[in-house]
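Examining the three-dimensional arrangement
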Amino acid sequence: MLLIIKNLNKSFNSLKVLDNINLEIKKGEKISLLGPSGCGKTTFLRIIAELESYDGNIQKNYQKIAYIFQEPRLIPWKTVFKNLEFVENHPEKINQILSELKLLQFKDFHPNKLSGGMQQRINLARALIVEPELLLLDEPFSSLDIHIKWKLIKDINKQISKKNITSILVTHDIKEAISLSDRILVLSNRPAKIIKEYSTSQINEEQLSNEIIKLWEE
Ligand SMILES: Nc1ncnc2c1ncn2[C@@H]1O[C@H](COP(=O)(O)OP(=O)(O)OP(=O)(O)O)[C@@H](O)[C@H]1O
């Protein structure tokens, strides 16, 4: 197992956010956590990234992790190339990943000269250049136009499959969850609990939508 989470609980003072999460993730698995707004999804990813304290037990069998946030968070005064160089000073690798993601022609641009979609694509390049074993994706498509979003999802899928990267996407979008995962874990309203699990090979979008309506109504 790449990641084993046992009895994970999290509160911010009196606000309980995560309620006894238990989860095991195999190497190379693509997981989505599908949960309603404000249920605790970002908190869960932040805990895995060691950005938050928690109660419980987390066993991590990996070294390198990358985190893609909702907004690209690129360094505005550095060019695309320099943004990547900042995390991995290896020009050959930078050119390689920029080329794979069709970004080479933008390497000398500053982020503010590029669209939101392009910035998120550079954000992906910056995450992949560290060769992560685990990639955390926190609703990275929420501000993107629909065609740009699906192009990016296709490229992420291609990259994570080719490089055998384990991924955890948090989202409230059923279609995104189905497209980017092998396994979908449905979270309850806050405090988030895992209330159901589906394999994407066994359920389609319509069936899952119907299930989710029932689950989130309860
Ligand atoms: N540092 C903090 N201090 C206090 N409360 C916090 C903190 N971080 C998050 N919360 C609260 O915890 C709850 C869960 O927040 P979180 O951002 O994890 O949810 P989410 O499911 O990612 O939300 P969204 O879908 O809106 O992105 C919210 O009520 C939020 O206000």
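Look up a bit, the structure's there.
To start, this report covers the structure provided alongside it. (Residues numbered from 1 in each chain as written. Predicted model: local features only at pLDDT ≥ 70, side-chain atom pairs only at ≥ 80, totals over all residues. Heavy atoms only, no water.)

1. A closer look at the packing of aromatic side chains
Inclusion rule: Only Phe, Tyr and Trp rings are paired, with Trp represented by its six-membered ring, and only when their centres lie within 6.5 Å; those with planes under 30 degrees apart are stacked, over 60 edge-to-face, the remainder tilted. Per-residue accessibility, obtained with a 1.4 Å probe over protein chains only, is compared with the maximum for each type, and a residue is labelled buried under 20%, exposed over 50%, and partly exposed between these values.
Counted according to the given criterion, the structure contains two aromatic pairs. Where Tyr-67 meets Phe-69, the ring centres are 4.3 Å apart and the plane angle is 15°; that geometry is what we call stacked. Residue classification places Tyr-67 among the buried residues on the basis of a relative accessible area of 13%. Between Phe-106 and Phe-109, the ring centres sit 5.5 Å apart and the planes meet at 85°, which makes this aromatic pair edge-to-face.

2. Quick word on the nonpolar core
What counts, and what does not: What makes a nonpolar core is a set of buried Ala, Val, Leu, Ile, Met, Phe, Trp, Tyr and Cys residues whose side-chain atoms join them at distances within 4.5 Å. Each helix corresponds to a stretch of at least 4 residues labelled H or I by DSSP, and each strand to a stretch of at least 2 residues labelled E; elements are numbered beginning at the N terminus. Note that the domain bounds reflect an automated or database-derived domain assignment. Here, two residues are considered to be in contact whenever any of their heavy atoms come within 4.5 Å of each other.
Residues Leu-84, Leu-98, Leu-135, Phe-141 and Ile-156 are the most contacted members of the largest nonpolar core, which totals 31 residues. When residues of this core are traced back to their parent elements, those giving at least two are β5 (65-68), α2 (80-87), α3 (91-100), α4 (116-128), β6 (134-138) and α5 (146-162). Per-element tally for this core: the top contributor is α4, with five residues. Each of domain 1 (3-64 + 134-217) and domain 2 (76-131) contributes no fewer than three residues to this core. Sequence-distant contacts of Leu-84, defined by excluding residues within four places in its chain, comprise Ile-94, Ile-97, Leu-98, Ile-122, Ala-125, Arg-126 and Ile-129. Membership of the second largest hydrophobic core comes to 27 residues, among which are Leu-3, Ile-31, Leu-33 and Phe-44.

3. Digging into the sheet that holds strand β7 (residues 166-171)
Basically, it comes down to this: Strand pairing requires that DSSP identify at least two bridges connecting the strands. Angles shown run from 0 to 180 degrees and are taken between the N-to-C directions of axes, each axis being a line fitted to C-alpha atoms and, for helices, limited to the stretch in contact.
Judged by pairing direction, the sheet is mixed, and its six strands sit side by side in the order β5-β6-β7-β3-β8-β9 without closing on themselves. Across the chains shown, the open sheet's two edge strands, defined by having one partner strand only, are β5 and β9 (194-199). Adjacent strand axes in the sheet meet at a mean angle of 15° when their direction is disregarded. In this sheet, β7 lies alongside β6 in parallel orientation, the contact comprising five bridges. Within β7, the position partnered with Asp-138 by the bridge is Val-170. Contacting β3 (30-34), β5, β6, β7 and β8 (183-187), helix α1 (residues 41-48) runs over the sheet at an angle of about 155° to β6. Each of β3, β6 and β7 is contacted by α5, which is oriented at about 135° to β3, the strand it contacts most.

4. Some remarks on the site of the ligand
Rules: In these notes, residues near a molecule or strand are those with any non-hydrogen atom within 4 Å of it. As used in this structure description, the phrase polar contact means that two N or O atoms lie within 3.5 Å; if the pair is within protein, one of them must be able to donate a hydrogen and the other to accept it, and residues adjacent in sequence are counted only when both atoms belong to side chains. Each accessible area is a Shrake-Rupley result for a 1.4 Å probe, and residues are judged covered by the shown protein chains and nothing else. Note on residue classes: Ala, Val, Leu, Ile, Met, Phe, Trp, Tyr, Cys and Pro are nonpolar, Asp, Glu, Lys and Arg are charged, and everything else, Gly too, is polar.
Neighbouring the ligand are 13 residues, the closest being Gly-40, Lys-41, Thr-42, Thr-43 and Arg-190. Within the side chain of Lys-41, one N or O atom sits 2.8 Å away from an oxygen atom of the ligand. Measuring from an oxygen atom of the ligand, one finds a side-chain N or O atom of Glu-139 at 3.3 Å. Burial of the ligand by the protein amounts to 61% of the accessible area it has alone, namely 640 Å². Among the elements of the structure, β2 (15-25) and α1 are those that each provide at least two residues to the shell around the ligand. Here the shell around the ligand gets three residues from one element, more than from any other, and that element is α1. Among the residues making up the shell around the ligand, the classes are represented as five nonpolar, five polar and three charged.

5. Looking at the pattern of salt bridges
The criterion, for reference: Salt bridges are identified by distance alone: a Lys or Arg side-chain nitrogen within 4 Å of an Asp or Glu carboxyl oxygen.
Scanning all chains against the criterion turns up 16 salt bridges. Of the charged contacts in the structure, one is a salt bridge between Lys-82 and Glu-85, with a shortest N-O distance of 3.5 Å. Placement of the pair is Lys-82 and Glu-85 together in helix α2, with a separation of three residues, close to one helical turn. Given a relative accessible area of 22%, Glu-85 falls into the partly exposed group. For Glu-131, the salt bridge identified is with Lys-93, shortest N-O distance 3.7 Å.

6. Some remarks on the environment of Lys-102
Here Lys-102 is to be found in the loop between α3 and α4. Assessed through its relative accessible area of 56%, Lys-102 is described here as exposed.

7. A few points about the side chain of Lys-10
Relative to the elements of secondary structure, Lys-10 occurs in strand β1 (residues 3-12). A polar atom in the side chain of Lys-10 sits 3.0 Å from the backbone oxygen of Ser-53. Ignoring anything within four residues of it in the chain, the contact list for Lys-10 reads Leu-15, Lys-16, Val-17, Leu-18, Thr-43, Ile-47, Glu-52, Ser-53 and Tyr-54.

Note that every value here comes from positions in space, so none of it alone points to a role or purpose.
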